[in-house]
Amino acid sequence: MNITKNNIDALNAVVTVEVAKNDYAEKVEKVLQDYRKNANIPGFRKGQVPMSLVQKQYGKAVLAEEVNKLIQESLNKFLVEEKLDILGNPLPKFTEDFNWDADDFKFEFELGLAPEFDVNLEGKNDLTYYNIVADDKLLDEQVVRIQKQFGKMSPKAEVAQGDDIRGTFVNEEKGINKPAQITLDIFENKAVAESFIGKKAGDVVAVPTKGLFNDDHKLMDYMGLGHDDVHGLDINVDFKIEEVTTTEPAELNQELFDKLFGEGKVTSTDELKAKIKEDAEKTFAQHADQKFYNDATEFLINAHQVELPAEFLKRWIQTVGETPLTAEQAEVEYARSENGLRYQLIESKIITSNNLQVTFDDLKAYAGDIIRKQMAQFGQMDPTQEDVDNIVARVMTNQDEVRRLSEQVMSERLLNVFKEKLNATTKEVTYEDFVKASYGEM
């Protein structure tokens, strides 16, 4: 057998595999002998079928199977030995005049080669890392929310300012059918708020979406719409009132503090606000990290114009799925995944150059931390190490979970590299300003 590679250009090559009869003849003969021993053909005793008949009936199929096995093994070995960094899989080049009756065969495979490039993480860039702080306005709102959450609720006949209103936003044309619990102060449009006053359970209030909230992104939460759908949305939505209640706020006293945080851990309103601030800013840091990771990914793709073997990849995309795609469908799929492919190459370079690795012990420790946090949410503040280890052991037997954890750990390590080397400007903002920076003004 002879295997050679011919480079078409920096990103494309053709590998030629030449198979001679002595490469496959012995294996084909052995398979056919096994067929002969077990063949049940009318008119012949088992094991006594003439070899010529076996050859005629099974010969070409066995030949094709054994030659294909040989090609795949040899081609994979060649790629490893030559240390070829390829994209996708080798694509066979088919010829119309191929003849299985010949003794020697020649097969050609197209390769898409990964481009050569360097990743530069340092230097001037316009990336921003947002340090999100919980301001006094947010803290005061959270204190009011807590007082209301633990207050005494009672039903009411009619809506008044400050009441809780349970109902459903409905618009059949846009497919909106979203249950919601609202208070009138959520509306930027004061006329809408006034239209609820005096209404009862069973009444329907028409609500215009334009200018309804101080931030149109809130339409995503209250109406159950996607981000793209709320841009310039100007329709009427019905709110069907189902229940009206009022709440007498809970007193800010030691009983409430103990209920929230445990006995004696918070003893004043100032300490309550400090605890809220601490917890909120931990959550905000996760939001800031995710935005920075996304921004860094986009920056790296734009900063490194990684060239891809586009035409090869489009042909490969046509063949890789369960159902073959047309050339037009592959074109669309390639356009959708092109930047993702580029980033995978960039990410691989960063992982290698920074020696980022994830060990099995790393995964166990990471899983243990997640499990402790989850148990704490359900009131198990101090689980035993044995309990945690038993749950971790079960998690680590699930390959999908292991893969997901591996991706999360690697993402954290990549984030740390980005923070360290991408020279971002740190900007302190409120959460409200962070949302505007993330989604923009509408």
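Just so it is clear, the model here is predicted, and its values are computed rather than measured.

1. Regarding the overall build of the protein
Thought 1: When you go through the protein residue by residue, the secondary structure sums to 13 helices and eleven strands.
Thought 2: Compactness check: the protein gives a C-alpha radius of gyration of 33 Å against a globular reference of 22 Å for 442 residues, more than 25% above the reference.
Thought 3: Principal axes of the C-alpha set define a box for the protein whose edges measure 95 × 55 × 50 Å.
Thought 4: Counting all 442 residues of the protein, 34% fall into the buried class.
Thought 5: Within the protein, counting contacts between residues at least 6 apart in sequence, those at least 24 apart form 71% of the total.
Thought 6: Placing the 53 positive and 82 negative side-chain charges of the protein at their respective mean positions leaves the two points 4 Å apart.

2. Some points on the pattern of salt bridges
Thought 1: Enumeration over the complete set of coordinates arrives at 28 salt bridges.
Thought 2: Between Asp295 and Lys291 there is a salt bridge, with the nearest N and O atoms lying 3.1 Å from each other. Of this pair, Asp295 and Lys291 both sit in helix 7 (residues 269-303), four residues apart, roughly one helical turn.
Thought 3: Judged by relative accessible area, which is 15%, Lys291 ranks as buried.
Thought 4: In this structure, a network of salt bridges that share partners links the residues Glu65, Glu66 and Lys69.

3. As for the packing of aromatic side chains
Thought 1: This model, assessed by the stated rule, comprises 18 aromatic pairs.
Thought 2: An angle of 20 degrees between the planes, with centres 5.7 Å apart, marks the rings of Phe187 and Phe196 as stacked. Considered together, Phe187 and Phe196 belong to a single accessibility category, that of buried residues.
Thought 3: Taking 4.7 Å as the distance between ring centres and 10 degrees as the angle between the ring planes, the aromatic pair formed by Phe284 and Tyr431 counts as stacked. You can see Phe284 sitting in helix 7 and its partner Tyr431 sitting in helix 13 (residues 431-439), a full 147 residues away along the chain.
Thought 4: For Phe284, a relative accessible area of 8% translates into the label buried.

4. Let's talk about helix 10 (residues 360-377)
Thought 1: For helix 10, spanning 18 residues, the distance from its first C-alpha to its last is 26 Å, which sits close to the expected 26 Å at 1.5 Å a residue.
Thought 2: For helix 10, every residue scored as buried is listed here: Leu363, Tyr366, Ala367, Gly368, Ile371 and Met375.
Thought 3: Where helix 10 is buried, its residues touch helix 11 (385-395) and helix 12 (399-421).
Thought 4: Following helix 10 by one or two positions, Gly379 has its phi on the positive side, about 90 degrees.

5. Examining the packing of helix 3 (residues 136-149) against helix 7
A pair of packed helices is captured by two measures, namely the crossing angle of their axes and the spacing between those axes.
Thought 1: Axis separation between helix 3 and helix 7 bottoms out at 10 Å; the angle between their running directions is 110 degrees. Taken together, helix 3 and helix 7 sit at an angle that is classed as roughly perpendicular. Contacts from Leu138, Leu139, Asp140, Gln142, Val143 and Ile146 of helix 3 reach helix 7 at Leu272, Lys273, Ile276, Lys277 and Phe284.
Thought 2: Here the contact of helix 3 with helix 7 is composed, by residue class, of seven nonpolar, one polar and three charged.

6. A look at the sheet that holds strand 3 (residues 86-93)
Sheets are built from strands paired through backbone hydrogen bonds, the pairs being either parallel or antiparallel.
Thought 1: Strand order in the open sheet made by the four strands is 1-2-4-3, with antiparallel pairing throughout. Looking at strand neighbours, the two that pair on one side only are strand 1 (2-7) and strand 3, the edges of this open sheet. Here the average twist between neighbouring strands, direction ignored, is 25 degrees.
Thought 2: Lying on the sheet, helix 2 (residues 51-81) is in contact with strand 1, strand 2 (12-19), strand 3 and strand 4 (105-113); it crosses strand 4 at an angle near 40 degrees.

7. Overview of the confidence of the model for the protein
Keep in mind that low pLDDT regions are not for reading the predicted coordinates in detail.
Thought 1: Mean pLDDT over the protein works out to 91, with 99% of the residues at or above the 70 mark.
Thought 2: Across the protein, the secondary-structure element scoring lowest on mean pLDDT is helix 13, at 87, and the one scoring highest is strand 5 (residues 128-133), at 96.

8. A few points about the side chain of His304
Thought 1: Assignment of secondary structure puts His304 in the loop between helix 7 and helix 8 (310-320).
Thought 2: Separated by 3.0 Å, the side chain of His304 and the backbone nitrogen of Asn120 make a polar contact.
Thought 3: The residues contacting His304, other than those within four sequence positions of it, are Asp118, Val119, Asn120 and Ile346.

9. Points about unusual backbone geometry
Thought 1: The phi dihedral of Lys83 is positive, around 55 degrees, even though this residue is not glycine.
Thought 2: Along the chain, the position of Lys83 falls in the loop between helix 2 and strand 3.
Thought 3: Classification of Lys83 by relative accessible area gives exposed; the value is 74%.

Cut-offs used in this document
Residues numbered from 1 in each chain as written. Predicted model: local features only at pLDDT ≥ 70, side-chain atom pairs only at ≥ 80, totals over all residues. Heavy atoms only, no water. Helix = DSSP H or I, 4+ residues; strand = E, 2+ residues; numbered from the N terminus. Rg over C-alpha atoms; globule rule 2.2 N^0.38 Å. Buried < 20%, exposed > 50% of the residue type's maximum accessible area, 1.4 Å probe, protein only. Contact = heavy atoms within 4.5 Å. Lys, Arg positive; Asp, Glu negative; His and termini not counted. Charge placed at Lys NZ, Arg CZ, Asp CG, Glu CD. Salt bridge = Lys/Arg side-chain N within 4 Å of Asp/Glu carboxyl O. Phe/Tyr/Trp six-rings, centres within 6.5 Å; stacked < 30°, edge-to-face > 60°. Expected span 1.5 Å × (residues − 1). Axes fitted to C-alpha atoms, helices over the stretch in contact; angles between N-to-C directions. Parallel < 35°, antiparallel > 145°, perpendicular 65-115°, else oblique. Nonpolar A, V, L, I, M, F, W, Y, C, P; charged D, E, K, R; others polar. Pairing = 2+ DSSP bridges. pLDDT = per-residue confidence, 0-100. Polar contact = N/O pair within 3.5 Å; in protein donor to acceptor, adjacent residues only side chain to side chain.

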